Each structure stands twice: as C-alpha cells, then as structure tokens.
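Coordinate inspection notes
Below are the chains, spelled out letter by letter.
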Amino acid sequence: TGYYIHVNSTSTFDPRTSVTIGTGARLIADVQHTLSGAMTIRAYGRLTHESNSTAETNKVNLTVRSLTVDTNGEIFVDGLGYNGETGPGGSSSANRAQGGSYGGQGGPSGSSVASTYGSITAPTNLGSGGGARFSTATKGGGAVYLTVTGATTLNGTISVNGAIGASNEDGGAA
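All values reported here derive from a predicted model rather than from experimental measurement.

Conventions we followed
- Here the residue numbers are simple positions, counted from 1 along each chain's written sequence.
- Totals for whole chains, interfaces and linings use all residues, but because this is a predicted model, local features are given only for residues with pLDDT of at least 70 and pairs of side-chain atoms are given and counted only at 80 or more.
- Computation of side-chain values: all heavy atoms of the structure, hydrogens and water removed.
- What we call a nonpolar core is a set of buried Ala, Val, Leu, Ile, Met, Phe, Trp, Tyr and Cys residues that are connected through their side-chain atoms within 4.5 Å.
- Throughout this description, buried means an accessible area under 20% of the type-specific maximum (1.4 Å probe, protein chains only), exposed means over 50%, and partly exposed covers the range between.
- Runs of H or I in DSSP of at least four residues are treated as helices and runs of E of at least two as strands, each being numbered from the N terminus.
- By the convention used here, residues are in contact when the closest approach between their heavy atoms is within 4.5 Å.
- When DSSP finds at least two bridges between two strands, those strands are taken to pair.
- Every angle, taken between N-to-C directions, lies between 0 and 180 degrees, and every axis is a line fitted to C-alpha atoms, over only the stretch in contact when it is a helix.
- Polar contacts, as used here, are pairs of N or O atoms within 3.5 Å; protein pairs need one atom able to donate a hydrogen and one able to accept it. Residues neighboring in sequence count only if both atoms are side-chain atoms.

1. Focus: the nonpolar core
- In this structure, Ile21, Met39, Ile41, Leu47 and Ile75 are the most contacted members of the largest nonpolar core, which totals 19 residues.
- Listed by contribution, the elements that provide at least two residues to this core are β2 (18-21), β3 (26-29), β5 (38-41), β7 (60-64) and β8 (67-69).
- Considering every element that reaches this core, the biggest residue donor is β7, with 3 residues.
- Apart from residues lying up to four places away in sequence, Leu47 is in contact with Ile21, Leu27, Ala29, Met39, Ile41, Val60, Leu62, Glu74, Ile75 and Phe76.
- Of all hydrophobic cores here, the second largest spans 5 residues; its members include Tyr82, Tyr102, Leu126 and Ala143.

2. Here's the deal with the sheet that holds β2
- An order of β2-β5-β8-β11 is seen for the 4 strands of this open sheet, with the pairing classed as parallel. Each of the sheet's edge strands pairs with one partner strand only, and the pair in question is β2 and β11 (152-154). Between one strand axis and the next, the sheet turns through 5° on average, direction left out of account.
- When β5 meets β8, the two strands line up parallel, connected through 3 bridges. Counterpart to Met39 in the pairing with β8 is Leu67.

3. Some details on the side chain of His49
- Note on placement: His49 falls in the loop between β6 (46-48) and β7.
- Note on His49: relative accessible area 2%, which makes it buried.
- One polar contact links the side chain of His49 to the main-chain amide nitrogen of Ala143, over a distance of 3.1 Å.
- In contact with His49, other than residues within four places in its own chain, are Ile28, Ala29, Asp30, Asn58, Lys59, Val60, Val77, Leu80, Leu126, Gly142 and Ala143.

4. Digging into the side chain of Ser159
- Note that Ser159 resides in strand β12 (residues 157-159).
- A relative accessible area of 10% places Ser159 in the buried class.
- Within the structure, Ser159 has its side chain in polar contact with the side chain of Asp78 (distance 2.7 Å).
- The contacts of Ser159, once residues within four sequence positions are left out, are Ile75, Phe76, Val77 and Asp78.

5. Description of the pairing of β3
- Summarising the sheet, strand β1 (residues 4-7) and β3 pair through 4 bridges and their orientation is parallel. Bridge pairing in β3 places Val7 opposite Ala29.
- As defined by bridge partners, β3 adjoins β6 across 3 bridges and the pair is classed as parallel. What sits directly across from Arg26, in β6, is Arg46.

Shape is all these values report; function is a separate question.
Okay, structure coming up:
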C-alpha cells in the first residue's frame, strides 16, 4: 500500500505467482513485459506508464495470466501521450487551437484538421497533442495494450484520454 514499482528497460520483474497493486500503490510499466501469474488492481491502486514527450517511448504493454480490476482500481494513462502540438496527428503551430487526432479527427481550427493515424478499432499508439491559442498546449492520451490469457474481471476503470484544453483550447487525442 502506498508504494511505487517502476518497470523500464533496465528492470527485471517477474513474480512467479501473482501481482497485487494495493490501495494507494502504483505499478509504472513503460516497456513490454510478461508476468507469469495473475494481476489484481485493488481499490485506489493504479497501473500506468511514465509521460511521453515527442517520441513514443513509454506505454503499458503487458501479458498476464488473468486480470482483476476492483471497484475504484484503475489502469490510467490520461494525458501521458505526445506533448501538445506533437505526434503524427498533432496540431501544427499554424493551427494552434486544433485538437489532436488519432484514429479519428481532432477538433478543427477553422477548416483545418490534423491528420489521422493508427487504428480506430484496435489502437496501440499514443495520442497526439492538441494545440493552444492562448495557454499551454495539451498532451495526448497514453497507450495500453493488454494480453490476458485467462479471465478478466473489470469493476474499475481503464482510462486512456487526451488532456482537456483550457477555455478556448482543444484537447489531445485519446
């Protein structure tokens, strides 16, 4: 409870039976990883990845035997994608109030819309950043790719949204 474990390219992490992310704890998984056992995310526990900037570096990509996300437990990567105005579907500096695109188009700036990329039905990439006309540009959503070889019980949340723009600004892509 209340602990953080960070799995990155230099980590060796393979519990043989199961992983439980307890109340207030976080498992930060930035690279592809296979766990031999089951994963349980308890209430107020979180599975996430580190924030990205201008390259697709960090994303949750896990293979587990089974997955249980309890009520109020979460897999949460909101606003952890590309920085504002970056990414394959990011708004350009010429169209700063544009929303970031991904499998679908982001919000327009006038008649201009950022290009789409990736899959709308099976997304695996980070969301691109939105623009900012008067304040800070918004980040796109992170990425979650799960392979569960057994049962999945989802009573909590999986959230992969782009950041919300302030007042007259458009948000990042999910």
